Structure formats: C-alpha cells, structure tokens
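Survey of secondary and tertiary structure
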Amino acid sequence: MPSLKPPSGLDRRVALKLLAAGMASAMARCSRPDEEIIPYADMPEGLVAGEPMRFATTLSLAGYGRGFLGISIDGRPIKIEGNPNHPFSLGATDIFAEAGVMSLYDPDRSKAIRRGDTISTWGAFSSAWRHATHAQDGQGLALVTGRVVSPTTLARIGALKNRYPQSRWYRYEPVHDDAARAGARQAFGKVVTALPNWADADVVVALDANPLGHGPDELRIARAYAARRGKAAKRQRIHVAESIWSLTGAAADVRVAVTPAHLVEIARAIANACGAHLGTPELPDFAKAFADRAGQELLAARGRALVLAGDSQPAEVHALFHWTNAQLRAPVSYLPSQDIVENDHAYELCALANDLHAGRIQTLIVADANPVYDAPDSLRIAEGIATVPFSAHIGLYRDETAHGCRWHLPMSHALESWGDERALDGTASIVQPLIQRLYATRTRDDYLAWLANEDVTKAYDLVRKTWQRGAPEAVEASWRKALNDGVIANTAATPLSLPVDRVSDFPGMSRPRGMSAVISPDPSVWDGRYANNAWLQECSKPFTKQVWGNAVQIAPGDAQRLGIEDEDTVDVTIDGKTITAPAVLMPGQADGTIGLHWGQGRLEAGRIGSNIGVRVCGVGARPFARVINGAALQKSASTVPFRSTQAHTRLQGKMEQLFQIATPSEIARTSPKKENRAPSLLPVPPKGDYAWAMVVDTDACIGCNACVVACQAENNVPVVGPEEISQGRDMHWLRVDSYMRPHGYTERRGFQPVPCMHCEYAPCEPVCPVEASVHDHEGLNVQVYNRCIGTRFCEANCPYKVRRFNWFDYSGEQAYADEGVALKAQHNPDVSARGRGVMEKCNYCLQRISRARKTAEKENRKIAEGEMVTACQAACPTRAIHFGDLNRADSDVSNLRKAAQHYTLLEELNTRPRTTYLKRIFNSDENG
Amino acid sequence: MAQLFRPGANSIAVIVIVALFAGPAAAIAFAYFLWNSPYATDQNLTRAQPVPFSHLHHVGELGLDCRMCHTGVEKAAFAGIPSTHICMTCHSQIWTNAQMLAPVRASYASGKPLHWQRVNRVPDYVFFDHSIHVAKGIGCNVCHGPVQKMALMRQAEPLTMGWCLECHRHPEKYIRPKDDVFDMYWHQPFDQLEVGAKLIRQYLIHTDHLTDCSTCHR
Amino acid sequence: MSAAGGTKERWIEGIGSLEEINARICAPVLNPAHTWRWWAALAFSGSLTLLMLGSVGWLFGHGIGIFGNNTTIVWGFPIANYVWWLGIGHAGTLISALLLLTRQKWRGSLNRFAEAMTLFAASMAGLFPIFHLGRPYYLYWITPYPNVQGLWPQWRSALVWDLWAVGTYITFSALFWYVGLVPDLAMLRERASSRWARRLYGAFALGWRGSARHWEVHERFYRYMAALAVPLVVSVHSIVSLDFAASLEPGWADTIYPPYFVIGALYSGFAMVVVLAAALRWGCSFEPFVTRRHFDMIARVLLAASIIMGISYATEWFWAWYGGERTERHLITFLFTGPYAPLYYGQLLFNVIVPQAFWLPRVRTNIAPVVIISIFINVGMWLERILIVWSTLSRDYLPSAWRIFLPTFWDWALLTGSLGAFMFLFLLFVRILPAMPAHELRKLWIEENTP
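Just so you know, these numbers come straight off a predicted model, no measurement behind them.

Counting secondary structure elements, chain A contains 29 helices and 37 strands. In terms of overall dimensions, chain A is globule-like: its C-alpha atoms have a radius of gyration of 28 Å, near the 30 Å expected for 928 residues. By principal-axis analysis of the C-alpha atoms, chain A measures approximately 80 × 70 × 65 Å. Per-residue burial over chain A gives 67% buried out of 928 residues. Accessible area of chain A: about 30,700 Å², with a carbon and sulfur share of 53%. Counting 104 positive and 104 negative side-chain charges, chain A places the centres of these two groups 2 Å from one another.

Below is the structure:
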C-alpha cells in the first residue's frame with residue numbers, strides 16, 4: 001500500500017539521516033527498507049497484476065436484492081459501483097452499497113463458531129444439533145429470519161419444512177411495510193407490491209411517504225426523479241405533507257408540515273377531491289389550502305397524477321390512496337409481492353415472543369436477524385431465548401442476539417458468497433463472490449441446507465441447482481450471461497390489473513394526547529445492521545448533519561414552549577420508557593411532533609458501533625411502530641454530546657446567494673450569465689489538452705450522501721472517529737452542505753455537494769511555500785502529498801474550506817482510522833495513503849483521469865466525452881454531478897455552464913472555480 | 001599582568017571567522033554530492049536472489065524477448081515478475097534437474113511463490129506506469145540499462161526525481177521508434193534530436209503535461 | 001520627546017565618578033549581590049522551560065493534533081505566539097537604532113538589555129512556525145538549496161518571505177548587539193578575576209584597546225548599522241503582516257495591515273522593555289541609570305502607540321461598514337457579539353482604554369502603575385494576535401464551515417513554556433554580560449556633569 005510515513009531503515013541509511021540533522025529521511029528517497037516482489041506461482045486466467053476488474057454481484061437491503069458491480073484489483077474488492085442492467089440500481093449506488101466493502105473487511109466480523117463465549121468447532125455444533133431436543137417432526141423447531149425473497153434461500157427453508165413438517169418459520173423485517181400490506185388487503189383483498197412509475201407522473205402528492213429516502217426502491221425512483229428535472233422534460237410538481245423532514249420533503253415543490261393526525265385528514269380531503277364522500281376534514285387553514293391545491297392539480301393531471309402514502313400512515317389511508325390512484329388512473333404498477341409470507345412482520349415477531357414465553361420452542365435458529373436488539377422491550381425476547389434449550393444464531397457479527405443464544409455460527413459476507421436475490425419487482429440476480437472467504441465462514445444457505453440435511457450443501461451448487469433450466473449447454477450459457485449481466489433475464493413479475501373496492505367508511509384519527517413521536521430508520525445505519533461500519537457512522541445525516549449518534553428532532557415552537565435550546569440533552573418519555581439524547585431544532589417540522597431514528601444504541605455491534613447513540617426501537621408496544629402518540633418531552637439532567645459536521649445551515653439576507661434557488665418562470669426570464677473574466681494578479685493558469693470541470697446540479701441533488709461514501713471508498717479517505725469530530729475535525733473530501741431558507745410559513749431545504757472547486761486562480765497555490773499545491777496543465781489544482789510540509793496556509797486561504805489535514809496519523813495508527821490489517825486490503829492501490837501532518841483534498845479522482853488518459857494515449861486518441869467518470873459522479877442516483885472537458889464546446893459541462901440556472905459559488909472572489917453549480921428550482925410560483 | 005593571548009591568537013581568530021562562513025557552505029555541498037552518490041541512490045546495487053537468475057544468459061546469449069517473462073509490461077503499470085509456471089515452461093524441458101533451479105521446482109511443486117528481491121524501485125508515492133512508457137517509445141534499457149550484459153540484475157540508474165525529470169523535460173533525447181523499444185542493442189541515430197522531435201509529434205506526446213506533479217504523484 | 005531629553009534634569013542620578021558607573025555595571029556579572037532572587041527566578045523560569053521542552057517532545061511524538069485546531073481554524077496559538085513574540089522583538093533594535101540616530105539621551109540606559117530582549121524574543125518567535133508545521137523535519141524545504149528532486153521553494157508565498165525577513169532580522173540584531181558590546185567586553189576582560197573569564201571576554205573583545213582610532217571606527221560603524229537597522233525593523237513586521245494581508249480572507253486582506261502590525265509590534269515591545277527595566281532596576285540595583293524619567297519617556301511612547309492602535313481598530317470597523325462586504329461586516333459583528341467577544345473587549349480595554357491613564361503625569365512618573373499597565377498591554381496585544389487568527393478563520397465565507405476554536409492544555413503549555421524560556425535566557429544574560437552599555441553611560445555622565 002502506498003504510504004508517506006518515513007519508513008524505518010538500515011543502519012547505513014540512519015547515518016545519512018543524522019548527516020542531515022535528522023531531518024532528511026525522505027529527501028533523495030533514502031532510508032527505505034528492502035522490498036520483496038512475490039509473483040504468482042501460477043497466474044490466474046485473464047488477471048493482469050494491478051489492473052482493476054469488474055464483476056457483477058448483488059447486495060440486499062431489507063431483504064430485497066439490488067445488482068451492483070464490484071471493482072477488484074489483484075483479487076481484492078475495493079469499490080462498489082452501480083450496475084446499469086439492474087432495474088433497481090440503473091448504474092447508481094447508495095451509501096449502504098458503497099459501504100459494503102468496508103463491512104466485508106470489518107475486523108470485528110465474526111470469524112469463528114462459538115458456544116457461549118468460547119470458540120468451538122463445527123463438529124461440536126453438529127453433535128449438539130443432533131441432540132437438540134425438538135421432536136423428529138420438527139415440533140418445537142423455530143427458524144427466525146428477516147425478509148427472505150431469495151429463491152435459493154426460500155428453497156432451503158422449504159427443504160427444512162419438508163424435513164421438519166411441524167417446524168415454524170418466523171420472518172420479520174424491522175423496517176417493515178405492514179401498513180402498506182394491510183392497506184392492499186383492504187383495497188384488493190390481497191398483498192401486492194405497488195411500484196409508482198414516477199417518471200410518468202406530472203403531479204405527485206406524497207403523504208409522509210419518502211420514496212427518495214433510503215430503501216430498496218430509492219435508486220429506481222431517484223433516477224426517474226432526475227429524468228423529470230432536466231431542462232427538456234416537462235417539470236413535475238411534487239406536493240409533500242409530512243411531520244418531520246424527509247429527503248422527499250426537501251425535494252418537494254410544495255411542502256407542509258403537519259401532525260400525523262392532520263395527515264390523515266389531508267388524505268380524506270384529497271380523496272374527497274377525487275370523488276370520495278367521506279365527510280369534511282378538520283384542518284388548519286394552511287393545511288386545507290395545501291390539500292385543496294393538491295386535489296385540484298391531481299384532477300387536472302388525471303392519468304399523469306399520483307398519490308403516495310408513507311409507512312407511517314394507517315392501513316385505511318393506504319387503502320384510500322389505492323382507490324384514489326384508481327380514480328386518477330395513476331401510473332402505478334401492481335405486482336405480486338415477493339414477500340411470500342402471509343402474516344405481517346410485527347405479527348410474526350409477536351408470535352415468536354408468545355411462543356418463546358409459552359415454551360413452545362425447544363430449538364431456535366436465528367438466521368441473519370437480531371431480535372434481541374431490535375424487538376421492543378415489552379416482548380422480552382432476550383428472556384424468551386434464554387429459556388430455549390438449544391438456540392443458535394447465524395450472522396455476520398456476534399451481535400446482541402448471538403450473545404443471547406447458546407451457539408453462534410459466523411456467516412459469510414455477500415461479497416464472498418454465492419447466492420441469489422430478487423428485487424422488489426421479482427428481478428432475480430446472482431450474488432457472486434469477488435474474493436475467497438476471508439474467514440472460516442459459510443453462507444446462510446449453506447447452514448440451512450445442512451440443517452435440513454440436504455445432499456448438496458455448497459452454496460455454489462445450491463444456486464446452480466435453483467437456476468437449472470432447459471438443456472445443459474443452454475444452462476451453462478444462461479448462467480454465464482447471468483453472471484456477466486448481473487441480472488437473470490425475464491425474471492421480473494408481470495403486473496396485475498386489480499379492481500379496487502369502493503371505499504365505504506374512513507375512520508378519522510383520534511386527537512392524540514401529548515406529542516407524537518415519528519420514527520424512521522437511521523439515514524446512516526438503517527435499522528442498526530450497519531452500526532459497525534465506520535464509513536456510515538461518520539456519514540453525516542442529511543438534515544441534522546449529525547455523525548456518530550442519533551438525536552431528537554423537535555420543532556422550534558415546541559422547543560421554545562419547553563425552554564429547550566439547540567443541542568440541549570432531552571428526555572423523551574414514551575409508554576414509561578425514556579430516551580435520552582441531544583435535541584436538534586428543525587425549523588419546518590410540525591409542532592407537536594418528535595423525530596427519532598432507529599438503528600443506534602447498539603450494545604454488541606463491535607468496536608465501532610457499540611454504545612453509540614441511544615436505542616429507540618425498544619419503546620412502544622407494537623414492534624417498529626412509525627408513529628407513537630402520547631410522548632412527553634423535557635430537558636434532561638444528563639448531557640449527551642451532539643456531534644455534527646455543520647453547525648450553521650440557515651441562510652438569510654446576502655448569504656442566500658450561497659445556495660441559489662429559482663422558479664421555472666424566473667429561469668425562463670433570465671438569460672445565461674456572462675462568465676466572469678475579471679483580471680487577476682495571479683499567474684494565468686497553464687492550458688493543456690483537457691480542461692476538466694464539474695457542474696453540480698443542486699436541483700437534482702436529493703442529499704442521499706452516496707457521493708460522500710463513494711469518494712471515501714475510492715480515495716482511501718480515513719475515518720477520524722467521534723472524538724476528532726467533536727474537535728471540529730473531519731476528513732471527507734466531498735461534503736454535502738445542507739442549507740435552509742425561510743419560506744412563508746415553512747422552510748425550504750436543499751443540498752449543495754462541495755468538493756474542491758479547482759479554482760483557475762486558486763488562492764491555495766501562491767501561499768504554499770514549497771509548491772505542494774500546484775496547477776497542472778489539465779486545470780486540476782493538485783495537492784502533492786509527498787511535498788507538503790503542513791503549513792496549512794492553503795486551507796487558511798481557501799474560501800471554500802475544502803482541504804483536509806491529517807492532524808494525526810489517521811490512515812495509520814489512530815484508533816478509528818482503518819483499524820486492523822484487513823481494512824488495508826480495501827485501500828485503492830492507485831491512491832496514496834496520506835501520512836501525519838499532510839494536507840489532502842479532492843483531486844477530481846486524478847487516478848481515474850490518469851488511467852483514462854493512458855488508455856486513450858495508447859490508442860493515439862483523446863479521452864472521449866463521458867469516458868472519464870469520477871467516483872461521486874458514478875455513484876449519484878440522480879446524475880446531479882456532471883464532469884467533463886471544457887475544451888470541448890459540445891461537452892456536457894460546457895453546455896451546462898451556459899445554462900440560465902448556472903452559477904458560481906463566491907463568484908465575487910474571482911477564483912474562477914472549475915466546479916460550479918446549477919440553481920435549485922422550486923416548481924411553484926409563490927416566490928421564496 | 002601577564003599576556004592573555006599568544007601572538008597566534010590573531011590568526012586563530014581569522015580562521016574562526018572564515019570558518020563561520022565557509023563551514024555551512026561546505027556542508028551543503030558535501031550533502032548534495034552524497035545524496036547524488038550511489039551510496040544514497042543504490043545505483044549499481046545487486047541483491048541476493050533466491051535463484052541467481054542471469055539476464056546475461058537469457059537475454060544476451062539466448063536472446064529471449066523481455067515480454068516473454070514480463071508479461072504485464074505492455075498492459076499494466078507493473079511489468080510483472082514471471083510466475084513459476086512461466087519458468088517451468090522451459091525448465092520442465094531443459095536443465096530439469098539443475099541444482100541451481102531447485103527453488104523453482106520446489107515452488108512449482110508446492111504452489112508457493114518465489115520471493116524475489118526488488119532491484120529497481122521508486123517510492124510508494126511515485127506512480128510509474130510501464131505500459132505507457134513502452135507504448136510511447138521509451139526503451140527498456142533507458143532505465144534498466146544493458147540488461148543483456150548483467151549476470152545478476154542491478155539498478156542501472158540513480159532513479160532520483162531529478163533523473164526522471166531529465167527525460168520528462170527532454171524526451172526527444174531518449175525516445176525511439178516503438179518497434180525498437182525492446183531492442184537491447186538499439187543505438188541512438190546521429191540526428192536523435194530531430195528524430196526524437198518527430199516521434200514526439202507522431203506519438204502525440206503532450207510534453208507540457210509531462211512535468212506536471214500530477215503525472216507521477218497522486 | 002527631544003524637548004524632554006534636553007531638560008536640566010539628569011538621566012543618571014546619584015553617581016559620583018566614572019569608576020562608580022563601571023563598578024555598578026560589572027557588579028551583577030563579577031560580584032553579584034542578593035543572588036537568591038536570581039536563583040529563585042532561574043529555578044522558576046527553568047521549570048517552565050522544561051515544560052516547554054516537554055510539550056515540544058509530546059508535540060513531535062503525537063503530531064499537531066494535540067492542539068485545538070480544527071478543519072477550518074487550521075491556525076491557532078503557534079501563529080499568534082509567533083507574531084506576538086516577534087512584535088516584542090522589535091523594541092530593542094528600534095530603541096538602539098532610531099533613538100541613536102535621533103540622539104535621544106535616555107536611550108543609553110535601555111538599549112543593551114532591550115537588544116538582548118529582542119534576540120531572545122525573536123528566537124522564541126522563530127521557534128513557533130516550526131512547531132506549527134505538520135512535518136517539521138522538512139522545514140528546510142522552504143530554503144533554496146541544490147537537491148536531487150530539482151525543486152525550489154515558491155517565492156510567491158509570504159511564508160518564504162518570513163523566513164528571510166526574520167532570519168535577516170535576528171542575524172542583524174545579533175551583530176548590532178555584539179558590536180555595541182565590544183568595548184564593555186574589553187572592560188570585563190580587565191576586571192574579571194579568573195584567568196579563564198578574562199581569556200573568554202578577551203577573545204570576544206576582539207583585542208579592543210580603546211585607542212582613539214578604535215573609538216572613532218566603532219562610533220562610525222555603529223551609526224551605519226543603526227541607519228540600516230531602522231528600515232529593517234519596519235520591514236520585518238510589515239512582511240509578517242503579509243502572512244495575513246496577502247490572502248483573500250475577510251479581516252485579513254486589508255491594506256492597513258503592515259503599518260498596523262509594525263506599530264503593534266513596537267507597542268508590545270516597549271511594554272516589555274518597561275517590565276524588564278523595572279526588573280533590572282530592582283534586581284541589579286540599577287536605580288541610578290533607570291530613572292522615573294525613563295519610565296516617563298516610554299509611557300509617552302506607549303500612549304502615542306495606544307492611540308494609533310485605537311485608530312487602526314476604528315479604521316477596520318469603518319471600512320467593514322463602508323465597504324459593505326457581507327463577510328467583513330459579519331466578522332465585525334461576530335467580534336462584538338460572538339463567543340470571542342469577551343476576549344475582544346479585553347483587547348480593546350488593555351490596548352486602547354487603560355493606557356489613556358498615561359495622560360496623567362502622576363501615573364507616568366510612578367514606576368508601579370507604568371509596569372502594571374505595560375503588563376496589561378502585553379496581554380492585550382496577545383489577545384489581538386490570537387483574535388486575528390481565530391475570528392477570521394472561525395467566520396469566513398461559507399457558513400457550513402463555521403467553527404469555534406477551543407484551546408487544549410498543550411496550547412497553553414507551549415505559550416507559558418516559551419515565556420519561561422525567554423525569562424531563563426534573559427536571566428543568564430544579566431549574569432554573563434553587562435546589562436548596561438558602560439561606555440555610553442560614561443559618555444552621558446560626562447556630558448551631564450560638565451558645566
């Protein structure tokens with residue numbers, strides 16, 4: 001791995017060091033140790049040492065598969081990128097996919113079979129299993145999993161059921177869709193998956209729905225959303241009514257913040273507008289105005305209008321909106337649910353709890369689920385498991401449930417496993433390993449097949465068996481194709497056409513006493529399964545910008561009422577249980593609501609994720625309730641630190657020019673701005689064959705952070721950990737600034753990704769005494785790490801503050817920084833690891849430019865438009881980041897820089913950034 | 001009272017004053033020449049190898065092509081050290097039981113690779129790419145020297161940054177037709193500078209970019 | 001001031017003979033009285049010096065992460081300390097040079113130790129930029145020297161200018177100081193008892209025999225150096241100010257900076273001179289040479305400087321308002337209302353308000369108040385330096401990058417440590433070299449005692 005740390009040397013070399021007063025170690029490259037080159041004994045087919053190779057594979061989120069490409073160098077997966085062929089990636093990634101490589105190499109992963117706390121053997125386990133006390137027909141045998149849609153895994157579970165007919169399979173997913181399922185049952189009499197065809201909608205009304213937020217459908221929706229933002233397309237109008245801020249809410253053109261109770265009334269109002277007669281909704285004026293306007297626009301756009309209800313909405317609202325969509329002839333396709341289990345998730349978990357406490361379970365197998373952590377305390381799962389004579393946990397980590405069980409079996413990570421997954425619409429894809437398994441682990445399918453004593457127990461053979469179709473040679477061909485494409489042809493389900501029952505009655509929601517807690521999965525660590533992923537823990541949440549923890553989001557009104565200041569620590573009391581966490585004031589959140597996130601407060605996540613933040617999923621009677629009424633809020637006696645990477649988000653007065661917004665009519669009126677060509681005292685930057693530039697479309701950006709994690713993975717950006725963050729230090733080369741601007745009765749929010757601006761007249765360059773910060777002939781403002789002596793004058797003089805300094809040896813010895821040797825394997829060998837005391841920053845993925853240039857020059861041609869793609873650009877699900885060559889008049893970036901909504905950050909400084917922006921456009925003419 | 005100083009004191013004073021200025025200058029000069037010397041740069045250094053492989057024999061006498069063993073040189077940054085398998089393609093036929101080759105056969109049998117000592121090396125923060133140099137007409141022996149004459153491989157050049165820059169600043173002095181890149185016996189034509197300049201145009205080499213820091217450091 | 005210099009009152013009081021002057025001046029070196037004070041002070045400052053060495057060791061071991069700096073406030077204590085110490089280092093050479101050229105009689109009693117102060121302060125200043133480097137072992141990369149990479153420093157960077165400015169200043173001050181010392185070293189050579197002491201002083205006296213020609217050449221050379229020194233003094237802190245002024249950060253990129261910094265430097269320098277003068281007067285019983293009138297004179301200088309400082313601050317506020325630049329305006333409001341506000345009010349109080357007391361002759365001519373106010377001024381000037389660094393970096397262009405600086409133990413350790421080291425060096429100085437220029441005072445005494 002490249003490293004800038006002065007290496008320890010031979011004695012002869014030490015003599016040289018002393019000669020230069022002990023300072024000269026790296027001058028003239030002396031004092032380096034001998035180095036070995038170890039070739040292959042037998043070189044694998046097609047592998048070229050040091051050159052990246054791409055393999056299609058599949059990663060799952062909430063049980064649904066999404067196809068990605070793994071980049072691997074010398075047999076080490078170092079990066080995940082989107083798979084254009086896969087309908088739920090479409091070439092994009094999200095933070096969870098990007099962080100997959102981090103999880104793979106996580107040194108805290110479970111590496112051995114354990115009985116209690118002691119390391120055990122497979123032999124010991126199998127004999128113990130043979131003596132397990134469940135009956136021969138499986139009476140008392142229980143299997144617990146998350147959502148399973150993988151054909152191969154379902155086959156295993158089926159086999160287990162055949163072998164033990166009386167056994168019971170409990171499946172539950174913490175981030176579930178029970179309300180939607182129930183709503184579908186009410187509307188259609190059966191559970192279906194409703195997939196909105198977002199791109200076909202001119203008007204969208206979302207009721208606390210967050211399709212642009214993280215989830216198995218995010219990337220597909222985001223791509224469609226972006227498709228409707230371009231200059232060409234007829235603009236969509238998005239109305240969002242919600243209680244707390246969601247990414248969809250930030251993307252909305254019109255947004256109101258109301259309590260959950262009022263949301264239901266808005267649903268009633270909108271349904272009425274579409275012809276339902278459900279009595280008059282009781283709403284405050286502004287909410288009524290919103291509902292009326294939304295209703296009118298929906299009707300006007302009949303056939304191209306769409307209403308969406310979120311997971312926090314009761315089944316009635318979902319049913320009502322299915323009916324409303326039918327009335328609107330909305331672009332929604334209904335598909336058979338891939339989740340074949342009939343019961344709802346919450347029900348299944350409660351059933352498990354009951355059976356445990358009733359002693360109906362003698363043998364318990366928990367496969368890749370963590371009920372001890374994520375089930376509500378009221379279910380007393382841990383106690384229940386403790387009573388079971390034989391319990392085994394299969395998982396990536398030795399987590400809370402693993403500690404609760406008698407046995408723990410280590411599971412392989414997806415990137416080192418064979419398997420298959422299905423996407424929301426049923427599209428199947430193969431899980432292909434990119435690397436030999438790192439530890440003595442096996443896949444979930446392996447274990448289940450073994451437990452069912454199937455004849456085949458090799459994951460590879462199991463998957464092959466699942467996809468045996470047609471003649472042998474055809475099988476081989478289709479198999480190769482599936483591996484190559486990352487998608488198995490025509491496996492997507494065919495849409496159903498369903499009659500919707502006429503809605504008869506629609507019960508209103510009782511006015512809640514106390515405040516309503518609105519709970520959603522953590523934007524960084526989801527339901528807690530990613531808690532030990534340092535990249536995700538340090539990925540700041542879109543609105544609060546918080547890292548390493550979770551907070552209580554409250555409306556300023558309530559805060560004032562209760563005398564709570566920003567970052568005060570507060571106690572939230574729900575059903576007698578108290579959650580203590582720092583409060584963060586969120587203008588634009590509905591009064592009377594409290595925003596909470598699941599996923600933190602893990603006890604056995606690992607060295608990174610344990611004891612970070614507070615556990616929210618423990619509260620409440622119903623498992624994973626999205627809304628809990630009757631919550632109480634008060635200032636706490638204790639203090640919990642609030643760690644964020646951005647303290648100030650509100651823009652007012654002249655500062656509004658930092659994040660520029662406009663309406664379509666304004667854009668139509670403005671003519672493209674002439675580029676600032678004011679003279680400068682600084683030397684004219686050199687000109688070369690390429691003039692690289694980036695244009696970031698803040699109108700398309702939804703603030704999902706995929707670019708941030710992608711950059712971290714690509715450029716070996718170290719993690720600094722909570723202590724350093726508290727010090728005000730962070731290392732992200734690309735940060736997403738979150739801004740809000742007051743707008744009428746609410747706020748408008750937007751996101752501004754800020755990489756290095758690569759100024760043509762770069763303020764950082766003339767101040768560096770050793771020319772470590774220099775321009776190259778392609779317009780890049782590059783940082784030469786090995787020349788940097790760390791005066792930090794460059795960062796002091798950078799108006800954009802995009803440079804990052806290695807205060808400690810972050811990439812080396814620091815506790816959080818890339819802990820363990822395993823993580824070094826994730827490092828991108830094309831990028832230097834920066835040592836202590838060195839400044840670093842975004843360099844437009846120089847290593848990729850260099851690779852593209854060499855490829856082109858070997859073929860005696862120039863780099864083609866679109867051939868060079870930065871890591872952030874590749875990740876972005878909304879294609880908000882454009883990159884290219886300004887020397888081409890016809891290039892994407894050249895055109896965008898001529899666009900009417902184009903602007904330059906801090907243009908008045910005449911730094912002439914190569915990174916520029918497009919305005920955020922709100923498609924609503926009430927000017928903000 | 002007695003004299004404090006003997007007459008010699010004056011000359012001592014003079015010497016001291018002169019030394020105050022001359023000393024540092026001399027030290028810097030000495031250091032500079034030391035850094036450039038093989039003592040610091042490892043130039044001409046040979047290292048002990050598991051097998052005393054002779055380029056003199058394989059290249060000079062048998063006339064094998066570099067690419068036969070260094071398979072990556074045209075495709076990748078890393079020229080590649082031959083896998084044991086490649087050695088054995090020949091040595092399963094000839095010198096099949098030469099004592100010298102015992103480690104190779106052992107490696108072949110066990111599948112455990114040979115551990116060679118790196119001879120030519122640049123620091124970790126220098127990203128050197130063989131393939132592009134070969135593709136643009138820089139011959140192997142420009143950096144590696146007369147390999148065909150080396151019984152044991154040695155570092156032929158200082159490999160200091162100044163040395164790299166010399167060629168990156170004046171490629172016309174060193175560039176040669178692509179066909180001659182692997183020719184160990186190629187000699188510069190008398191009009192190298194004109195030919196070089198022509199080749200630079202022909203190979204579309206962007207000389208301005210060659211001296212950018214970002215060309216080698218990132 | 002010259003008017004005051006020419007009055008009937010004397011600059012040297014209660015001295016009967018030339019011999020008495022020599023004796024009193026050599027006393028601390030050759031046969032010191034009440035040495036316990038000295039030893040106590042040495043022990044105290046020595047321990048602080050050890051603290052400094054300790055924290056430097058810790059610093060080099062762990063990296064500058066031990067300071068309170070963060071992603072946006074990348075500069076902190078070391079830079080402020082550097083500017084502050086260098087400012088203090090200004091008074092000495094200026095007193096010697098400028099007052100010499102303007103024939104100020106009261107210069108004689110101050111210049112020797114003031115120049116020593118300059119040297120020690122400047123050396124402290126010189127250390128901090130090294131401490132603040134991420135990779136201090138590559139410091140020499142800022143200097144032009146032949147190397148195998150074929151690389152040179154970048155002459156556009158104000159930091160490179162600093163290197164030369166400060167380097168030149170220290171070298172020159174040392175020479176100037178030494179040249180002034182030569183006749184007194186000869187005096188010590190004659191008076192020292194041990195043979196080795198006499199040889200040592202003798203060696204550095206460069207064979208001074210006090211012949212008419214020696215005096216004549218010395219006089220001329222000394223004046224020429226003084227003439228060179230004055231522009232040098234002005235240039236040094238002007239260049240240091242460019243570290244900030246040659247940027248485009250709000251509150252830094254101001255044309256007022258060079259003069260503003262130079263005056264500030266003299267201001268803190270003179271304040272430090274007052275403190276040391278009082279200490280010497282008390283510690284080495286130099287009452288005859290350092291009189292109330294000396295304090296009076298310096299107090300007047302301080303008063304003038306404080307007014308100029310006040311005007312400079314006001315100018316900053318005015319231009320921020322008049323220029324209408326968003327960031328500049330915000331920065332000023334931030335200074336008055338932000339978390340650093342108490343420090344800022346302290347700065348204004350100590351640097352502008354309190355020194356106005358010098359309008360009253362009673363205050364000026366009493367040593368105690370002058371010393372106390374001078375200490376205030378030094379604190380105030382340090383506050384100014386740290387706020388220049390902090391406030392701008394805490395509040396520049398993008399609100400998303402706004403942060404606050406919280407100093408750590410090591411920040412303070414290094415600052416107090418440097419104070420200790422400075423004191424330590426000064427204490428050694430008064431016991432090894434004559435802290436007053438005997439030959440100049442003899443001249444002054446003769447002038448004053450010839451009718």
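Okay, back to it.
The next subject is the pattern of salt bridges. Two side chains that carry opposite charge are able to pair once their charged atoms sit near each other. By the definition in use, this model includes 74 salt bridges over all chains. Ionic pairing is found between R189 of chain C and E190 of chain C, a salt bridge with its closest N-O pair at 2.8 Å. The buried category is assigned to R189 of chain C, whose relative accessible area is 13%. On the basis of relative accessibility, which here comes to 41%, the residue E190 of chain C falls in the partly exposed class. Linking D296 of chain C and R364 of chain C is a salt bridge whose minimum nitrogen-to-oxygen distance equals 2.6 Å. In this pair, D296 of chain C is assigned in helix α11 (residues 292-323) and R364 of chain C in helix α14 (residues 361-364), connecting sequence segments 68 residues apart. Residue D296 of chain C shares its accessibility class with R364 of chain C, and that shared class is buried. Here the salt bridges share partners, and the residues they tie into one network are R147, R171, D177, R181, R185, D339, E342 and D344 of chain A.

Further remarks concern the packing of helix α4 (residues 77-88) of chain C against helix α10 (residues 257-283) of chain C. All names here are of chain C. The geometry of α4 relative to α10 is characterised by a closest axis approach of 6 Å and an angle of 65° between their N-to-C directions. As the angle between them shows, α4 and α10 are arranged roughly perpendicular. When the axes of α4 and α10 are compared, the crossing they make is right-handed. Contacts between α4 and α10 involve V83, G87 and I88 from the first element and F261, A265, S268, G269 and M272 from the second. Split by residue class, the contact of α4 with α10 holds 5 nonpolar, 3 polar and no charged.

Another aspect to go through is the state of the cysteines. All names here are of chain B. In the structure shown here, the tally under the stated rule is 0 disulfides over all chains. Considering cysteine sulfurs only, C167 is the nearest to C143, which forms no disulfide, with 7.0 Å between them. Residue C143 is classed as buried on the basis of its relative accessible area, which comes to 18%.

Residues and elements named next belong to chain A. The buried fraction of strand β20 (residues 515-520) is high, at 6 of 6 residues. As judged from the 3 bridges shared by β20 and strand β25 (residues 627-635), these two strands associate in the antiparallel manner. Residue pairing for β25: M515 is matched across the bridge by A631.

All names here are of chain C. By the definition in use, this model includes 74 aromatic pairs over all chains. Ring centres of Y257 and Y260 lie 5.6 Å apart, and the angle between their planes is 75°; this geometry places the pair in the edge-to-face category. Highlighted residues: Y257 and Y260, both in helix α10, separated by 3 residues, approximately one helical turn. With relative accessibility at 1%, the residue Y257 sits in the buried group. For Y260, a relative accessible area of 3% translates into the label buried. Relative to F429, the ring of F426 has its centre 5.5 Å away and its plane inclined at 50°; by these criteria the two rings are tilted. Placement of the pair is F426 and F429 together in helix α16 (residues 409-432), with a separation of 3 residues, close to one helical turn.

Residue and element names in this part refer to chain A. Turning to its location among the elements, S894 is positioned in helix α29 (residues 892-898). With relative accessibility at 7%, the residue S894 sits in the buried group. Looking at S894, its side chain comes within polar contact range of the side chain of S891, at 2.7 Å. In this view, S894 contacts D885, L886, R888 and A889; residues no more than four positions away in its chain are not counted.

What counts and how
Residues numbered from 1 in each chain as written. Chains lettered and ligands numbered in written order. Predicted model: local features only at pLDDT ≥ 70, side-chain atom pairs only at ≥ 80, totals over all residues. Heavy atoms only, no water. Helix = DSSP H or I, 4+ residues; strand = E, 2+ residues; numbered from the N terminus. Rg over C-alpha atoms; globule rule 2.2 N^0.38 Å. Buried < 20%, exposed > 50% of the residue type's maximum accessible area, 1.4 Å probe, protein only. Areas by Shrake-Rupley, 256 points an atom, 1.4 Å probe, with all protein chains shown as cover. Lys, Arg positive; Asp, Glu negative; His and termini not counted. Charge placed at Lys NZ, Arg CZ, Asp CG, Glu CD. Salt bridge = Lys/Arg side-chain N within 4 Å of Asp/Glu carboxyl O. Axes fitted to C-alpha atoms, helices over the stretch in contact; angles between N-to-C directions. Parallel < 35°, antiparallel > 145°, perpendicular 65-115°, else oblique. Left-handed = near helix turned anticlockwise from the far one by under 90°. Contact = heavy atoms within 4.5 Å. Nonpolar A, V, L, I, M, F, W, Y, C, P; charged D, E, K, R; others polar. Disulfide = S-S within 2.5 Å. Pairing = 2+ DSSP bridges. Phe/Tyr/Trp six-rings, centres within 6.5 Å; stacked < 30°, edge-to-face > 60°. Polar contact = N/O pair within 3.5 Å; in protein donor to acceptor, adjacent residues only side chain to side chain.

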